[in-house]
Amino acid sequence: MKRRPLFWKVYPYYFLVIFISLLLVALYGAREMKTLYISQLTSTLEARARVAERLLKPLLNTNETARLDRECKEIAKVSNTRITVVDVKGLVLGDSHEDPLSMESHGTRPEIVLAYGGEVGVKTRYSNTRQANMMYVAIPVKQDNEIIAVVRVAVPVSAVENILTSFYRNIAIGGAIIVVLAALISMAVLKRLTDPLRELRNGAGRFAAGDLATRLPVPTTEEIADLSESMNKMAEQLAVRIKTIAQQRNEREAILSSMSEGIVALDADEKIVLLNRVVAGFLDLDIAESRGKTFYEVIRIPSVLEFVERAMHSSDIAEMEIKMPGSGASVKYFQARAAALKDSFGEKVGVVVVFNDITRLKKLESIRRDFVANVSHELRTPITAITGSVETLLDGAMDNSDDRRRFLDMIARHSDRLNNLIKDLLSLAQIESETEQIGAGLTRGRVSNVIASSVMACQEKSRLHQVDVSYSCDPNLEANINRGQLEQAITNLIDNAIKYSNQGSTVNVEVTSPVDEIVISVQDKGVGIAEEHLPRLFERFYRVDEARSRDAGGTGLGLAIVKHVAVTHKGRVSVDSLPGKGSSFRIHLPRTQ
Ligand code: ADP
């Protein structure tokens, strides 16, 4: 249905009622007025007839018809009325406006017939004589109770009509003025009623648009005032509720976004109703775009879809380890756990899936596995060599002094290796356990003292290999250090530099302190390392040339220890090397006061 303002719905009817009432009153008034006027006129005419009767009656007895006629004309002049006198036979004796002799018999005129009967004859009809509508009043003239003539007075109806028309016009003008006034007044009254309603409507519109801070004016009309107050109260309560909901939502968002787990909730149609940033990151989704879409539309990973599908149709908690597509280091692993989402009646309305990134755990597991395999492998070689030598000796080689020496030498060498390996493994384990927390156990100490101790520790080796080791360091330079660990790390670097240098070569240990670091570098002019090995050099058991490392008594753990020590000092390691030219290993320590 077409909507119209209240004003235009009420006002036309209002106006119509006023108009029709006024019209009816005017019509009734006009009719009453006409009746009153006619009866008044009839009485006046009758009175005039009676006056004329008085004046003319004496002349009737004298048979002076000419005088009678003249008298009629005289009376008519002053009374503005036509006067006719008719005898009992219908003969016109006198007439104010015509010559009686030329007039036909008036005995059959209805008003005169009535007067003959002794009544007052009143008639409005067409006058043949005057050729106009006339109103007649005829009275009998009696003498000794006998009717001797009839006096008739008449006025033209047009005169009556003129008066009535002007009367009607006045009523119409008055009525029109009243209608206009009533229309204006009712318009003002209606506006007084609809204005507060309009304000109410505008206010409700503002509430609906979310502006709950404004308040509606309270008018003086009781019902509208009540409504205004109720709406104001409603807006107030709504604002409080919305605030609470927003607060709850913010809390929920904060909890969801601060969680390290990824969370996604799906409804019964598998549409995403909620997902947090973490899961968006895991599954490479856009939060805003994904909300409201089905899981199938946004996820293309078969294992995830399969898991969600299974969870949707199961009432138990579902769990699964999911390997995400990718290769090498980019492979990711998730532990997914799904539980049913239930409404207040306990009906299942969807599922919540929690994703846990277990990639690091998986990698640690694999590192540990590799480490155990590597250690076993490293241990097996010397143990096999030792047991083999012992068996050979027992089998008779012991009797030959040359063989005996050779095998005992071998046992001694492999025992050394075993010893070195276990020493390095223990060092690594000790560094790890000592410094579970990065930066723990550091004390302020002079770097030059540590360098001097390390160089001293390698003195014997440098003499044996005929490699000259020199160092330079600001004696006042201090840093937060774990002296034992740092000494071992630098010793490992100097030891390597000697091991992988040729006779007569030189090794230089240098300490520099650019802006925010202290850099300890150990440079040699030895065999150098090809570039492809550099990224993996600090891994445990990684060796460039396995045979040379073994011959030199290396364990493959030296650089791993160096890296570990640097990390526990909140620092890092770096290396530059050119095959055939030499290498430069550096430990970078943070410069703290
Ligand atoms: P290793 O006990 O075998 O020396 P490290 O962890 O100390 O084990 O070193 C790992 C590998 O890095 C060595 O096997 C060696 O190939 C290479 N390397 C280490 N230092 C040097 C160096 N100064 N010059 C050339 N190669 C080096």
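This one's a predicted model, so the numbers in the text were calculated from it and none came from an experiment.

A closer look at the overall build of the protein chain
So, point 1. Scanning the protein chain for helices and strands turns up 16 helices and 17 strands.
So, point 2. For the protein chain, the C-alpha atoms occupy an extent of roughly 210 × 60 × 40 Å along the three principal directions.
So, point 3. In the protein chain, which comprises 593 residues, the proportion classed as buried is 37%.
So, point 4. Excluding contacts between residues fewer than 6 apart, the proportion of contacts in the protein chain whose partners are at least 24 apart in sequence is 57%.
So, point 5. Of the roughly 34,900 Å² that the protein chain leaves accessible, carbon and sulfur atoms contribute 55%.

A few points about the site of the ligand
So, point 1. Around the ligand, a shell composed of 22 residues is seen, among which N496, D524, S549, T555 and L559 lie nearest.
So, point 2. Here K499 contributes a side-chain N or O atom positioned 3.1 Å from an oxygen atom of the ligand.
So, point 3. Interatomic distance of 2.8 Å between a backbone N/O atom of T555 and an oxygen atom of the ligand.
So, point 4. The fraction of the free accessible surface of the ligand (530 Å²) that becomes covered by protein chains is 98%.
So, point 5. When residues of the shell around the ligand are traced back to their parent elements, those giving at least two are α14 (483-499), α16 (558-568) and β17 (582-590).
So, point 6. If one sorts the elements of the shell around the ligand by residue count, α14 sits on top with 3 residues.

Re the packing of aromatic side chains
So, point 1. Following the criterion strictly, the structure yields 10 aromatic pairs and no others.
So, point 2. With a centroid separation of 6.4 Å and 35° between ring planes, the pair formed by Y11 and F15 is classed as tilted. With a gap of 4 residues between them, Y11 and F15 both fall in helix α1 (residues 6-61), about one helical turn apart.
So, point 3. Since its relative accessible area comes to 8%, Y11 is described here as buried.

So, the side chain of T491
So, point 1. Relative to the helices and strands, T491 resides in helix α14.
So, point 2. Taking relative accessible area as the criterion, T491 reaches 17% and is therefore assigned buried.
So, point 3. Setting aside anything within four residues of it in sequence, one finds T491 in contact with S454, A457 and C458.

Topic: the packing of α14 against α16
So, point 1. At a minimum axis separation of 9 Å, α14 and α16 run at an interaxial angle of 145°. The two elements α14 and α16 cross, and the hand of that crossing is left-handed. Note on element contacts: α16 touches α14 through G558, L559, I561, V562, V565 and T568, opposite Q485, L486, Q488, A489, N492, L493 and N496.
So, point 2. Residues of the contact of α14 with α16, tallied by class, amount to 7 nonpolar, 6 polar and no charged.

Some points on helix α12 (residues 447-457)
Because the α-helix completes a turn every 3.6 residues, residues three or four places apart line up on one side.
So, point 1. Within the span of α12, buried status applies to V447, S448, V450, I451, S454 and V455. Down the axis of α12, the smallest arc covering the buried residues is 160°, so these residues share one side.

A word on the sheet that holds strand β12 (residues 468-472)
So, point 1. Read from one edge of the open sheet, 5 strands run β12-β14-β15-β17-β16, paired in mixed fashion. The open sheet has two edge strands with one neighbour each: β12 and β16 (572-578). Looking at each pair of strands side by side, their axes are set apart by 15° on average, direction ignored.
So, point 2. Sheet strands touched by α14: β12, β14 (506-512), β15 (517-524) and β17. Its angle to β15, the strand with the most contacts, is close to 25°.
So, point 3. Where α16 meets the sheet, its contacts fall on β16 and β17, and the angle it forms with β16 comes to roughly 140°.

Comments concerning the nonpolar core
So, point 1. One finds I494, I520, L537 and I587 to be the most contacted residues of the largest nonpolar core, which totals 46 residues.
So, point 2. Among the elements that take part in this core, α14 stands out by supplying 7 residues, more than any other.
So, point 3. Both domains that furnish three or more residues to this core are identified here as domain 4 (358-427) and domain 5 (437-590).
So, point 4. Look past the residues within four positions of I520 in its chain and what remains in contact with it is V447, I451, L486, I490, V509, E510, V511, F585, R586, I587 and L589.

Focus on the domain arrangement of the protein chain
So, point 1. Domain annotation for the protein chain reports domain 1 (7-163), domain 2 (214-256), domain 3 (259-357), domain 4 (358-427) and domain 5 (437-590).
So, point 2. Taking the mean C-alpha position of each, domain 2 and domain 5 sit 71 Å from one another.

Observations regarding the state of the cysteines
So, point 1. Across all of its chains, the model carries 0 disulfides by this definition.
So, point 2. Here C473 stays unpaired: no disulfide links it, and the sulfur of C458, its closest cysteine neighbor, is 16 Å away.

Some words on the sheet that holds strand β9 (residues 333-342)
So, point 1. The strand order across the open sheet formed by 5 strands is β7-β6-β10-β9-β8, and the pairing between neighbours is antiparallel. Two strands bound the open sheet, and with one partner strand each, they are β7 (272-275) and β8 (318-323). The average angle at which neighbouring strand axes cross in this sheet is 20°, direction not considered.
So, point 2. Sheet topology note: the strand β6 (residues 262-267)/strand β10 (residues 348-357) ladder contains 6 bridges and is antiparallel. Bridging from a neighbouring strand, D267 pairs with G350 of β10.

Describing the side chain of S389
So, point 1. Position of S389 among the secondary structure elements: in helix α10 (residues 359-394).
So, point 2. The exposure class of S389 is buried, given its relative accessible area of 2%.
So, point 3. Within polar-contact distance, the side chain of S389 engages the backbone oxygen of A385 at 2.8 Å.

Examining the pairing of strand β5 (residues 146-156)
So, point 1. Inspection of the sheet shows strand β1 (residues 82-87) paired to β5 by 6 bridges, in the antiparallel sense. What sits directly across from R82, in β5, is A154.
So, point 2. As defined by bridge partners, strand β4 (residues 132-143) adjoins β5 across 10 bridges and the pair is classed as antiparallel. Note on β5: the bridge partner recorded for K142 is I147.
So, point 3. Linking β4 to β5, which pair antiparallel, is a turn of 2 residues; within it D144 sits at a positive phi near 50°.

Some remarks on the environment of L274
So, point 1. In this structure, L274 sits in strand β7.
So, point 2. Looking at L274, the relative accessible area reads 16%, which means it is buried.
So, point 3. With sequence-adjacent residues up to four places away left out, L274 is seen in contact with R252, L256, I263, V264 and A265.

Looking at α10
So, point 1. With 36 residues, α10 ought to run about 52 Å at 1.5 Å a step, and its terminal C-alpha atoms sit 51 Å apart, in line with that.
So, point 2. Restricting attention to buried positions, one finds in α10 the residues T359, V375, E378, P382, A385, I386, S389 and L393.
So, point 3. Among the structural elements, β9, β10, α11 (401-434) and α15 (546-551) are those in contact with the buried residues of α10.
So, point 4. The positive-phi residue at the C-terminal boundary of α10 is G396, with phi of around 130°.

Considerations on unusual backbone geometry
So, point 1. Phi angles above zero are rare outside glycine, and N145 is one such case at about 65°.
So, point 2. The residue N145 is located in the loop between β4 and β5 in this model.

Rules used throughout
Residues numbered from 1 in each chain as written. Predicted model: local features only at pLDDT ≥ 70, side-chain atom pairs only at ≥ 80, totals over all residues. Heavy atoms only, no water. Helix = DSSP H or I, 4+ residues; strand = E, 2+ residues; numbered from the N terminus. Buried < 20%, exposed > 50% of the residue type's maximum accessible area, 1.4 Å probe, protein only. Contact = heavy atoms within 4.5 Å. Areas by Shrake-Rupley, 256 points an atom, 1.4 Å probe, with all protein chains shown as cover. Near = heavy atom within 4 Å. Polar contact = N/O pair within 3.5 Å; in protein donor to acceptor, adjacent residues only side chain to side chain. Phe/Tyr/Trp six-rings, centres within 6.5 Å; stacked < 30°, edge-to-face > 60°. Axes fitted to C-alpha atoms, helices over the stretch in contact; angles between N-to-C directions. Left-handed = near helix turned anticlockwise from the far one by under 90°. Nonpolar A, V, L, I, M, F, W, Y, C, P; charged D, E, K, R; others polar. Arc of directions from axis to C-beta. Pairing = 2+ DSSP bridges. Core = buried A, V, L, I, M, F, W, Y, C linked by side-chain atoms within 4.5 Å. Domains from an automatic or database assignment. Disulfide = S-S within 2.5 Å. Expected span 1.5 Å × (residues − 1).

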